[in-house]
Amino acid sequence: MNFFFKNLSFFGPKNIFNINIFFYLTILFLFNLPINKTLSENRNELNIEYLDKKKSIDYILGPGDVLSIKLSDSLPKLSKNLIIEPSGQINLPKINRVYVKGLTLNELTNLLNKKYADILISPNIKLDIVRYRPAKVYITGEIESPGLYYLNYNNKNLSQLNNLSNNLTTNEKISNTNIQVFQSPTIFDLIRKAGGVTLKSDLENIDIIRINTISNGGGKIKATIDLKGLIEFGEFSNNIELLDGDYITINKLSKNNYETLSSAIKSNLNPKYIEVFVSGRVQEPGAKRVSKQTTLNDAILISGGKRVITGKINFIRINNDGSYEKRKFRYKENALKGSYNNPILKNGDFIIVGRGKIATFNEFIGEITSPFVGIYSTKELYEDLTE
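Definitions and limits used
- Counting restarts for each chain, with residues numbered from 1 along the sequence as it is written.
- Only residues with pLDDT of at least 70 are given local features in this predicted model, and only at 80 or more are side-chain atom pairs given and counted; all residues enter the totals for whole chains, interfaces and linings.
- The basis for the side-chain values is all heavy atoms of the structure; hydrogens and waters are excluded.
- DSSP calls a pair of strands paired once it identifies at least 2 bridges connecting them.
- Each helix is a run of DSSP H or I of at least 4 residues and each strand a run of E of at least 2, with the numbering of both proceeding from the N terminus.
- Orientation is described by axes fitted as lines to C-alpha atoms, over the contacting stretch for helices, and by angles from 0 to 180 degrees between their N-to-C directions.
- Contacts were defined at the residue level, with two residues in contact if any of their heavy atoms lie within 4.5 Å.
- We define a salt bridge as a contact between a side-chain nitrogen of Lys or Arg and a carboxyl oxygen of Asp or Glu at a distance within 4 Å.
- Think of it in three bands: residues with accessible area under 20% of the maximum for their type are buried, residues over 50% are exposed, and the middle band is partly exposed, with areas taken using a 1.4 Å probe on protein chains only.
- What is meant by a nonpolar core is a set of buried Ala, Val, Leu, Ile, Met, Phe, Trp, Tyr and Cys residues, joined one to another through side-chain atoms within 4.5 Å.

1. Remarks on the sheet that holds strand β5 (residues 126-131)
Logical step 1: Pairing is antiparallel in the open sheet, where 3 strands are placed in the order β2-β1-β5. Two strands close off the open sheet at either side, each with one partner strand: β2 (80-83) and β5. On average, adjacent strands in this sheet sit at an angle of 30° to one another, irrespective of strand direction.
Logical step 2: With 4 bridges joining them, strand β1 (residues 66-70) and β2 adopt antiparallel strand pairing. In the sheet register, Val 66 faces β2, and the bridge partner there is Ile 83.
Logical step 3: On the sheet, helix α3 (residues 105-115) packs against β1 and β5 and is oriented at approximately 140° with respect to β5.

Pasting the structure below:
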């Protein structure tokens, strides 16, 4: 209390100078806040050069692409849409067939301006892509289903978009229904289509080999990207757009990474469910749709549990390279999750409980549903079950 009253003397009549300073500093502080904010906004002001930014990748033309070409504003009849033929050529007015495969839009535009210089006065060719061909990409390494995939560009006509935007008034809707909106396939789309990552996928080291543009020297270029930030923190910067001819390799970790697999499932990179097959001495044999982190013991429980009299467990898995592994062991109810006797299941795994107790081989064959037919030949199945 004494301290409080002592400090009131600061505002006494003898200290009018101190009061002036106090109010001056207060006003300066208050007015300084918006001044700093304004300065900060000015520093973040956009520069006109922003409008000149270009996409970091150049699309390379190929058979199946549909191009819109405009030779001259004064010759609208010569404007048309052309598809790039399997030969890599298009048929143009006045100059007939030309080879365009392997060029970017800018490269083709520059060449055509030179080609038409002998026919047109100051040609100003305008090109655009009105439909993209599917991108053929190959993915290998630690992925559930490696191989060649076709990824489509999502082409949407603005008339379709307008039909979806019911909340817009007629005047707000875009009237030019010939304009197309494209969404490029990404590496996330590819991994998802290929069944997702595995327990040993190194998402911090994904190698991509891409065809280089002719203007940049041709050949192929290689880059390594980190996709872990996307599935864990939603960082989209490395979710790169894929181009036709891309070759992706997901490298392998030295040990299992359950956290990454869990994040992949939560982010929808990996499917939440897989299908496995349980047969033999269980109450409800057959194909089972189970969650991604289900173990062998879980699948047996889902199948109603094993019967009283059972033999050993036969576990069969198809590997990514087409080979398959077989395990044979005693059922252990308390086996550690992910252990040899209680593995985390993958899509297409076979679990056969007490194979020796199956009445007949035909009984087993009759239980197999279509997703599993074709993985083995009948002869291989018979040998695995009766050896």
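From this point, the discussion proceeds with the structure in view.
2. Things to note about the pattern of salt bridges
Logical step 1: The final tally for this structure, using the stated rule, is 9 salt bridges.
Logical step 2: Where Asp 65 meets Arg 133, a salt bridge forms, and the shortest distance between an N and an O atom there is 2.5 Å. Here Asp 65, found in the loop between α2 (16-43) and β1, pairs with Arg 133, found in the loop between β5 and β6 (135-141); they are 68 residues apart in sequence, far enough to count as distant.
Logical step 3: Take Arg 133: its relative accessible area is 8%, and that puts it in the buried class.
Logical step 4: We note a salt bridge from Lys 346 to Glu 144, for which the minimum N-O separation is 4.0 Å.

3. Focus: unusual backbone geometry
Logical step 1: Although it is not a glycine, Lys 94 adopts a positive phi angle of roughly 75°.
Logical step 2: Within the element layout of this structure, Lys 94 appears in the loop between β3 (89-92) and β4 (96-99).
Logical step 3: Residue class for Lys 94 comes out exposed when judged on its relative accessible area of 62%.
Logical step 4: The phi angle at Asn 96 is positive, at roughly 65°, despite the residue not being glycine.
Logical step 5: Within the secondary structure, Asn 96 is located in strand β4.

4. Some thoughts on the nonpolar core
Nonpolar side chains in soluble globular proteins tend to end up buried together.
Logical step 1: Formed by 27 residues in total, the largest nonpolar core has its most connected members in Ile 139, Ile 187, Leu 190, Ile 191, Ile 206, Ile 248 and Leu 269.
Logical step 2: Within the residue set of this core, elements represented by two or more residues are β6, β7 (147-151), α5 (187-193), β10 (201-211), α6 (228-233), β12 (247-252) and α7 (258-266).
Logical step 3: With 4 residues, the top contributor of residues to this core is α5.
Logical step 4: In this view, Ile 206 contacts Ile 187, Ile 191, Ala 223, Thr 224, Ile 225, Leu 227, Ile 248, Thr 249 and Ile 250; residues no more than four positions away in its chain are not counted.
Logical step 5: Of all hydrophobic cores here, the second largest spans 22 residues; its members include Ile 90, Ile 95, Val 100 and Leu 108.

5. What to know about the pairing of β12
Logical step 1: Sheet topology note: the β6/β12 ladder contains 4 bridges and is parallel. Across the sheet, residue Gly 141 finds its bridge partner in β12, namely Ile 250.
Logical step 2: Across 5 bridges, the pairing between β10 and β12 is antiparallel. Bridge assignment links Ile 209 to a residue of β12, and that residue is Tyr 247.

6. Some points on α3
An α-helical turn contains 3.6 residues, so a residue and the one three or four places further along point in the same direction.
Logical step 1: All of the buried residues along α3 are Glu 107, Leu 108, Thr 109, Leu 112 and Asn 113.
Logical step 2: For α3, the elements touching its buried residues are β1, β3 and β5.

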